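So you can see what is in the structure, the chains are spelled out below.
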Amino acid sequence: MHSPESVLSQADSLEQPRQLPGDLAMWCFILAELLAFLLLLGSMAFARGHWGEMFSTGIATLHPEAGLINTVFLLTGSYFAARAVHRAQAGDHRALVRGFILAAACGLLYVGVKVSEYGMLFADGYNLRSSTFYFFYFFTTFFHMAHVLIGMLILLVVAWRCRQGQYANQEKVRMASESAASYWHMVDLVWLVLFPLLYVLP
Amino acid sequence: MKYASQAVAKPYFAFAMLLFVGQILFGLILGTQYIIGDFLFPEIPFNVARMVHTNLLIVWLLFAFMGATYYLIPEETQTELWSPKLGYALFWIFAIAGVLTILGYLLVPYARLAELTGNDYFPTMGREFLEQPTITKVGIALVVVGFIFNILMTVLKGRKTVVNMVLITGLIGLAVFWLFAFYNPVSLVMDKYFWWWVVHLWVEGVWELILGAILAFILIKTTGVDREVVEKWLYLIIAMALISGILGTGHHYFFIGAPEYWLWIGSIFSAIEPLPFFMMMLFAFSMLRQRRREHPNKAAVTWAVGCTIMAFLGAGVWGFLHTLAPVNYYTHGTQLTAAHGHLAFFGAYAMIAMAIISYAWPKLHGRECSSPQAQRVEIWSCWVMSISMLAITLLLTWAGWIQIDLQRLPGDAGALGYMQTQDAIMHVYWMRLIAGIGFTVGLGMYLYSFVVARSTREQAPALAVAQ
Ligand code: HEM
Ligand code: HEM
Ligand SMILES: [Fe+2]
């Protein structure tokens, strides 16, 4: 979040071109990923418009507390990632490594909860083929979980390379850490949209 | 040519062009048979001509990919090929097996060929694109494995670049998915399901990696743009290709008896498939804009840039046209599919093959590029072939539209029968045949440009010693 001062100080330095955090290529990738999620969510909204009843009865069988706990995990992960990038800017590379590992650990907790949630639903006899609702639930959340795993991988690779001293200079560290954290925030953001749409909206 | 072993590429390229000519001759036969049903019957029935046309296409593209790899890998790894001998030996094995198979198609009735080659013991024949006798399929697998082994050994001892890593990943993927050609379950649903693992996951999956790598190589060489920039583009393109293409397989699972959820997955993910093709186009133009040198081989650049445009049109635009389930419900298996198949195959894979041949052939003959006269003929041939192929595509789209309108959109009672619809399309098929003749002229010009290049060899710049 921007404090008013930071927004102002950014406005002050307008003559200096605003820079994208991280690599432009990463942002292209993020946009493409967002497009995939957008199409999924759009289709889901469409299906919901057609089969409202099926969706409401389906939603009632989910486990919103698990979703809520997972939201907290992802937000905490994002906090660690953001703070790590911030500290790395100040030259503290050890804090970067630590922060990214903690963020990835949050991701792991997320995956653990998600998998046990799937286990409960399977035990109740629901799966991908039960109905259009369950298709969207299982497929969209699974696709998202795959992205959590990719995000974890990216964070860990950057942490590992930073620790090995594979980045030639501070600028490279900034680029890599900002790119990784941006991807992670994207994964987080998508969940923040998915969670209310799938679990909460009646 | 920097490395002597790059010369292995020569016979592969030459043979690919020979098969290309064969493919087009059979295309003309097919185009004629669409109008005069018993043309060349009973010597060459439609199903045989079609099989020869499509199999020659796949095989000549494989020859071109192998040639491209033999040319590109020594230069990228900065070391001689592990075993040029193996490269030549595999060439002869593949070429002889290919010729024998085609002769088998033409000289023996297909059922008899199946019997002769022991299809009863291990049935894999009789499926579109995978018509080869089982022994030929095994032969292709062995040739590809030997080829990949040769390339892997070369990469292991040399420099590893993103381009050669992407290329080899694509080639290994090609080999792995070929294995599904041997899987032929009794259930028609299962058969079709895995048939697409070869067909779709090749052209909209691993082949895109091969395409991306060859394109990146040509652009690095002709524009002199930093590798780092090219590599980022390549990463992005292949990431998008795989994300969209793998699940995009679902666009073939709509109405074959697979679970219903494929309607959603197939539509959503294949809707993203045009993106990597769009990015290839941006990539090519952006590299040209940032170019650090004027490469004298204008023809190769024309092919490469043209390839990205035509691939985007054929795969991206014409693919998207019928990829959403509600649309595909009406268009499935019409001439619109053929329109898309032609432009996509030509734009993406035939044109990248000609791009790398155009770049490599003069170098393999000790010249930086062909003479300006030869290049002029070649660039003209590129235009003639591209415009003819666009014409074929538009005409088949028109034919497809008539088919959809008369045969698909009306309810059962009002719908025209298949053959009656064909009669209503006859005038379009005539025009398609004319466009096909135009394409053949373009191909003739292309081959003629090699003759010109040879006779005007003295006017072509000699190979720079330090490139
Ligand atoms: C270079 C890439 C591509 C090539 C070479 C290619 C080639 C082909 C060919 C030959 C067929 C006909 C297969 C058959 O015999 O049944 C086909 C079918 C199809 N292609 Fe592609 N394609 C490519 C990319 C794409 C893309 C990117 C899309 C979607 C955006 C797409 C969508 C489709 C669809 C929906 C069908 C099924 C048509 C039907 O139901 O009849 N293709 N493609
Ligand atoms: C002289 C030019 C050509 C003519 C007249 C021609 C004609 C035909 C015909 C009539 C078919 C059979 C369609 C059917 O089953 O109903 C066919 C199939 C096919 N041709 Fe061509 N062709 C030509 C050139 C090419 C080229 C240059 C390519 C690719 C580089 C190509 C790729 C294909 C493919 C992939 C199929 C299978 C399509 C499918 O399954 O939908 N053809 N061609
Ligand atoms: Fe496909």
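Further up the page is the structure itself.
Just so it is clear, the structure is predicted and the values come from calculations on it, not from any experiment.

Next up on the list: the coordination of the iron atom of ligand 2. Between any two of four tetrahedral donors, the ideal angle at the metal is 109.5 degrees; between two of six octahedral donors, it is 90 or 180 degrees. All names here are of chain B. Within the protein, H53 (NE2) and H342 (NE2) serve as the donor atoms for the iron atom of ligand 2, at 2.0 Å. Coordination at the iron atom of ligand 2 is octahedral: its six donor atoms span angles of 86 to 178 degrees at the metal. Of the two residues, H53 is situated in helix 2 (residues 46-77) and H342 in helix 13 (residues 335-364); the sequence distance between them amounts to 289 residues. Given the relative accessible area of 12%, H53 is considered buried.

Taking 1.5 Å of rise per residue, the 17 residues of helix 6 (residues 162-178) of chain B would be expected to cover 24 Å, and the 24 Å separating its terminal C-alpha atoms lies within 8% of that figure. The buried fraction of helix 6 of chain B is high, at 13 of 17 residues.

For the rest of this paragraph, the subject is the pattern of salt bridges. Residues and elements named next belong to chain A. With the rule as written, the count across this model stands at 14 salt bridges over all chains. Two residues, D92 and R87, come together in a salt bridge whose shortest N-O distance is 3.4 Å. For R87, a relative accessible area of 34% corresponds to the partly exposed category. Close ionic contact of K114 with E117 constitutes a salt bridge, the shortest N to O distance being 3.1 Å. Of this pair, K114 and E117 are both found in helix 5 (residues 93-123), three residues apart, which corresponds to roughly one turn of the helix. The same class applies to K114 as to E117, namely buried. By sharing partners, the salt bridges in this structure join E171, R174 and E178 into a single network.

Let's shift gears to the packing of helix 14 (residues 372-408) of chain B against helix 15 (residues 418-455) of chain B. Residues and elements named next belong to chain B. The geometry of helix 14 relative to helix 15 is characterised by a closest axis approach of 8 Å and an angle of 170 degrees between their N-to-C directions. As the angle between them shows, helix 14 and helix 15 are arranged roughly antiparallel. Per-class residue counts for the contact of helix 14 with helix 15 are 28 nonpolar, twelve polar and two charged.

The next point concerns the coordination of the iron atom of ligand 1. No protein donor other than B:H340 (NE2) coordinates the iron atom of ligand 1, and that contact is at 2.0 Å. Distance-wise, the iron ion (ligand 3) is placed 4.2 Å from the iron atom of ligand 1.

Another point: the interface of chain B and chain A. Taken together, the contact pairs 16 residues of chain B with 21 residues of chain A. Summed over both partners, the interface of chain B with chain A buries about 1,600 Å², with 86% contributed by carbon and sulfur atoms. Among the residues of chain B in contact with chain A, B:Y261, B:W264 and B:I268 are the three that bury the most area, contributing 37% of the side total. Put simply, chain B and chain A have one salt bridge between them. Notably, a salt bridge pairs B:K232 with A:D23, separated by 2.8 Å at the nearest N-O pair. Taken together, the links from chain B to chain A amount to one residue pair in polar contact (both at pLDDT 80 or more). Only helix 8 (227-248) and helix 9 (262-270) of chain B provide two or more residues apiece to the side of chain B that touches chain A. With six residues, the top contributor of residues to the side of chain B that touches chain A is helix 8 of chain B. The class makeup of the residues in the side of chain B that touches chain A is 14 nonpolar, no polar and two charged.

Here is what the cut-offs are and how they apply
- Residues numbered from 1 in each chain as written.
- Chains lettered and ligands numbered in written order.
- Predicted model: local features only at pLDDT ≥ 70, side-chain atom pairs only at ≥ 80, totals over all residues.
- Heavy atoms only, no water.
- Donors = N, O, S within 2.8 Å, 3.2 Å for Na, K, Ca; no water.
- Tetrahedral: all angles 85-135°; square planar, octahedral: opposite > 155°, others 65-115°.
- Helix = DSSP H or I, 4+ residues; strand = E, 2+ residues; numbered from the N terminus.
- Buried < 20%, exposed > 50% of the residue type's maximum accessible area, 1.4 Å probe, protein only.
- Expected span 1.5 Å × (residues − 1).
- Salt bridge = Lys/Arg side-chain N within 4 Å of Asp/Glu carboxyl O.
- Axes fitted to C-alpha atoms, helices over the stretch in contact; angles between N-to-C directions.
- Parallel < 35°, antiparallel > 145°, perpendicular 65-115°, else oblique.
- Nonpolar A, V, L, I, M, F, W, Y, C, P; charged D, E, K, R; others polar.
- Contact = heavy atoms within 4.5 Å.
- Buried area = accessible area lost by both parts, 1.4 Å probe.
- Polar contact = N/O pair within 3.5 Å; in protein donor to acceptor, adjacent residues only side chain to side chain.

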